[in-house]
Amino acid sequence: MLLRTFQGMIGLLFLMQVTAAKAELTIEIVGAGEYQFPVAIVPFSGDGKLAQVIRDVVVGDLQRSGLFRMVDPEGVSPQSVADVAYGDWQIRGAEALVIGSVAFRDDGRAEARFHLLDVVKQVKLSEQVVSADAGQVRAVGHRVADLIYEKLTGDRGVFNTRIAYVNRIGRKYNLVVADSDGYNEQVVLSQDHPVMSPAWSPDGSHLAYVGFETGHAVVYVQSLYTGQRKVLADYAGSNSAPAWSPDGRQLAIVLTRDGSSQIYLVRPDGSGVRRITFSDAIDTEPDFSPDGQHLLFSSDRGGSVQIYRMPAMGGLAQRMTFGEGNNFSPRHSHDGKSFVFAHFRNGKFHIAVQDFKTEQMEILTEGGWDKKPSFAPNDKLIMFASEARGRGILATVSSDGRVKQRIFSQSGDAREPVWGPYP
Amino acid sequence: MKKLVISIVLVNLLAACASEKPKETAQAPAPAAAATERTAPAPAAAVDELNDANSILANRSTYYPFDVSVVQEADKPLVKAHARYLSENLDRSVRLEGNCDERGSNEYNLGLGQRRADGVKKMLILGGAKSSQITTVSYGEERPRATGHNEASWKQNRRTDLVY
């Protein structure tokens, strides 16, 4: 029997300047995967309110992936495997069934126990227990959804990951960390000056970002545990575009201290600044390959803005994108096989991906103001900044372009999203 | 409004004097300071050309075509006038703020805005201003003057502001 306890998976984050935002999110899903796996999730037994929240999170997560179709349990809610009438669930069209119970334990933690059943083969696929601090109830749901997703697709789930983005409300800029579904917003920085380009450290403990509070662009590194922050780079001109190396031991940044925007490497404490591009063009938006050996970046060195690739230690750059239009903001997939970027053509920004081997570009979104894409840690989804109804919003598209969702927050313009690492 | 501008200028001047003082006593020879004062006698200083709404110096922005950072012909007289003013008023300093429209990534635009500001700086120095009188910054596309997704807005946002 598979019985695993996922305790302490969800570390408590002590965020400074935390504002408990009562987020009223609206999520719209467009499109669907080629095949959607039919799954029925029966209401969990136990504490009614807790059961409702956790089930809603699980259903929401699985639906947003675009890979699952929810089968209505039609009021039937077996409480144990022995109560399951497999034939009835086959008639309802379900191929998988989730039953479970929830409870607040004596130590105060919220717990969910669930069984995932294969309706066709009439066998139990897994039985698991997930728990988290009582204040992290949604995290229990995300973890349950991850486990179901992993069992049924073979891919690791990303529902229990976090995103960072900037929310602009009037003149106020909030740097926000939230769950991957946009809920559980925590404001980690709030000020009346622009904030841009948040970048997760590989272990998810720190954010590097660009702030303008001293009157020009300065790169900061802030701990998400203590809220403490340090200046990473504050040279004359602009300091920007931080990107962590996969081992977290250095960052690529962009400085204008020696002329036009050029790429430099720096240690996380701000020491050891070393220039690695030598052009009189704008070289910016560096992004490390997963093996740390290469950087992608955008540059106008060829006349128009395109994506280039170079050794991370410095050396010759190779142009990666050709053809009509300009290309910005490259980011590697986590498997290192492709990269995603913002493609600007005929007055519209699209999200596009390009495979390193085939060198073929594929446009994933119809276009508008789609900018700043980044892959989910499992490479199945891409998050980006978009615009709808006159507002900046967060959006995702599946990496095959089939499923899109738009996340509307209660107020302000959401921009600069970046998907964080696995917890 | 005008009063406010003047008082800000005065505050800036006072601040500049206060902060510059130790340096002057340490390095800058007194005669130089005296010389600049003589070329700009007290009554003239009271009507600072910078505050004359009819002066070319009242224009404080240069504008650009899309993805261009060189100062345009139309704006050269303005930049040259500011260069002359700075060269004749070495106690004044200017902050050049480069801005862009939203058609680009914000990081690319940060670079482009910096290049726009640096272009104005070069021209100011050619015109006689001292490098030490000038700081350049870029706001990229982060501080648009107009927020529409159209050329009418974009052309206002592609600019370098000269801020005294």
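Residues numbered from 1 in each chain as written. Chains lettered and ligands numbered in written order. Predicted model: local features only at pLDDT ≥ 70, side-chain atom pairs only at ≥ 80, totals over all residues. Heavy atoms only, no water.

### Here we look at the overall build of chain A
When its secondary structure is counted, chain A shows three helices and 32 strands. Computed over C-alpha atoms, the radius of gyration of chain A comes to 23 Å, within 12% of the 22 Å expected from 2.2 N^0.38 for 423 residues, which places it in the range of a compact globule. Partitioning the intrachain contacts of chain A with sequence separation of at least 6 by distance along the chain shows that 45% fall at a separation of at least 24. Counting every atom, chain A has about 17,200 Å² of accessible surface; 48% of that belongs to carbon and sulfur. One way to put it: in chain A the 44 positive side-chain charges average out to a point 3 Å from where the 48 negative ones average out. (Helix = DSSP H or I, 4+ residues; strand = E, 2+ residues; numbered from the N terminus. Rg over C-alpha atoms; globule rule 2.2 N^0.38 Å. Contact = heavy atoms within 4.5 Å. Areas by Shrake-Rupley, 256 points an atom, 1.4 Å probe, with all protein chains shown as cover. Lys, Arg positive; Asp, Glu negative; His and termini not counted. Charge placed at Lys NZ, Arg CZ, Asp CG, Glu CD.)

### Quick word on the sheet that holds strand β20 (residues 283-288) of chain A
Residue and element names in this part refer to chain A. The strand order β20-β21-β22-β23 describes an open sheet built from four strands, whose pairing is antiparallel. Where the open sheet ends on each side, the last strands, each with one partner, are β20 and β23 (318-319). Where strand β21 (residues 294-299) lies against strand β22 (residues 306-311), six bridges are found, and the strand directions are antiparallel. Across the sheet, the residue bridging to L296 is R309, located in β22. (Pairing = 2+ DSSP bridges.)

### Thoughts on the nonpolar core
Residues and elements named next belong to chain A. By size, the foremost hydrophobic cluster in this structure holds 29 residues, and its most contacted members are I54, L62 and I148. The set of elements that each furnish at least two residues to this core consists of β3 (37-41), α1 (48-64), β6 (96-104), β7 (110-118), β8 (123-132) and α3 (137-153). In terms of residues, this core owes the most to one element, α3, which gives eight residues. Setting aside chain neighbours within four positions, we find L62 in contact with I41, L67, F68, M70, A145, I148, Y149 and F159. (Core = buried A, V, L, I, M, F, W, Y, C linked by side-chain atoms within 4.5 Å. Buried < 20%, exposed > 50% of the residue type's maximum accessible area, 1.4 Å probe, protein only.)

### Focus: the interface of chain B and chain A
Every contact between the two is made by 24 residues of chain B and, on the other side, 35 residues of chain A. Buried area between chain B and chain A, summed over both chains or domains, comes out near 2,300 Å², and the portion from carbon and sulfur atoms is 54%. The three residues of chain B that bury the most area against chain A are B:E107, B:Y108 and B:E142, which together make up 29% of that side's buried surface. For the pair chain B and chain A, the number of links is three salt bridges. (Buried area = accessible area lost by both parts, 1.4 Å probe. Salt bridge = Lys/Arg side-chain N within 4 Å of Asp/Glu carboxyl O.)

### Details of helix α5 (residues 106-126) of chain B
Relative to the 30 Å expected for 21 residues at 1.5 Å per residue, α5(B) spans 30 Å between its end C-alpha atoms, a close match to the ideal helical length. Positive backbone phi, at 115°, marks B:G128, one or two positions downstream of α5(B). (Expected span 1.5 Å × (residues − 1).)

### Quick look at the pattern of salt bridges
Summed over the entire model, instances satisfying the criterion amount to 32 salt bridges over all chains. For the salt bridge of A:R229 with A:E213, the shortest nitrogen-to-oxygen distance reads 2.3 Å. One end of the pair, A:R229, is in strand β15 (residues 229-233); the other, A:E213, is in the loop between β13 (206-211) and β14 (218-223), and 16 residues separate them in sequence. Overall, A:R229 belongs to the partly exposed group, its relative accessible area being 27%. B:R84 is the salt-bridge partner of B:E49, the closest N and O atoms lying 3.0 Å from each other. Linking B:E49 in the loop between α3 (42-46) and β1 (61-63) with B:R84 in helix α4 (residues 76-88), this pair joins segments that are 35 residues apart in sequence. A relative accessible area of 30% places B:E49 in the partly exposed class.

### A look at the pairing of β20(A)
Residues and elements named next belong to chain A. In terms of burial, β20 is a largely internal element, six of the six residues being buried. Bridge count for β20 against β21 is four bridges, and the pairing is antiparallel. Counted as the bridge partner of D283 is S299 from β21. Between β20 and β21, which pair antiparallel in sequence order, lie five residues; one of them, G292, sits at a positive phi of approximately 75°.

### A look at unusual backbone geometry
Residues and elements named next belong to chain A. Look at Q122: it is not a glycine, yet its phi comes out positive at around 55°. By the secondary structure assignment, Q122 is in the loop between β7 and β8. Residue Q122 is classed as partly exposed on the basis of its relative accessible area, which comes to 42%. Unlike most non-glycine residues, N346 shows phi in positive territory, near 50°. With respect to the element layout, N346 can be found in the loop between β25 (338-345) and β26 (348-355).

### Here we look at empty space enclosed by the protein
Residues and elements named next belong to chain A. Enumeration according to the criterion identifies three cavities of 30 Å³ or more in this entry. Taken as a whole, the largest cavity encloses approximately 220 Å³ of empty space. Considering the residues around the largest cavity, the lining is formed by 18 residues, among which S197, P242, E285, R331 and K372 are closest to the centre. Secondary-structure elements contributing two or more residues to the lining of the largest cavity are β12 (195-200), β16 (239-244), β20, β24 (326-332), β28 (371-375) and β32 (413-419). When grouped by side-chain class, the residues that make up the lining of the largest cavity number nine nonpolar, three polar and six charged. (1 Å grid on protein atoms, 1.4 Å probe; cavity = no way out; pocket = protein on both sides within 12 Å on 5 of 7 lines; lining within 4 Å. Points joined across faces, edges and corners; volume = space filled by probe spheres on them. Nonpolar A, V, L, I, M, F, W, Y, C, P; charged D, E, K, R; others polar.)

### Focus: the domain arrangement of chain A
When its domains are assigned, chain A resolves into domain 1 (2-153) and domain 2 (162-419). Between the C-alpha centres of domain 1 of chain A and domain 2 of chain A there is a distance of 32 Å. (Domains from an automatic or database assignment.)

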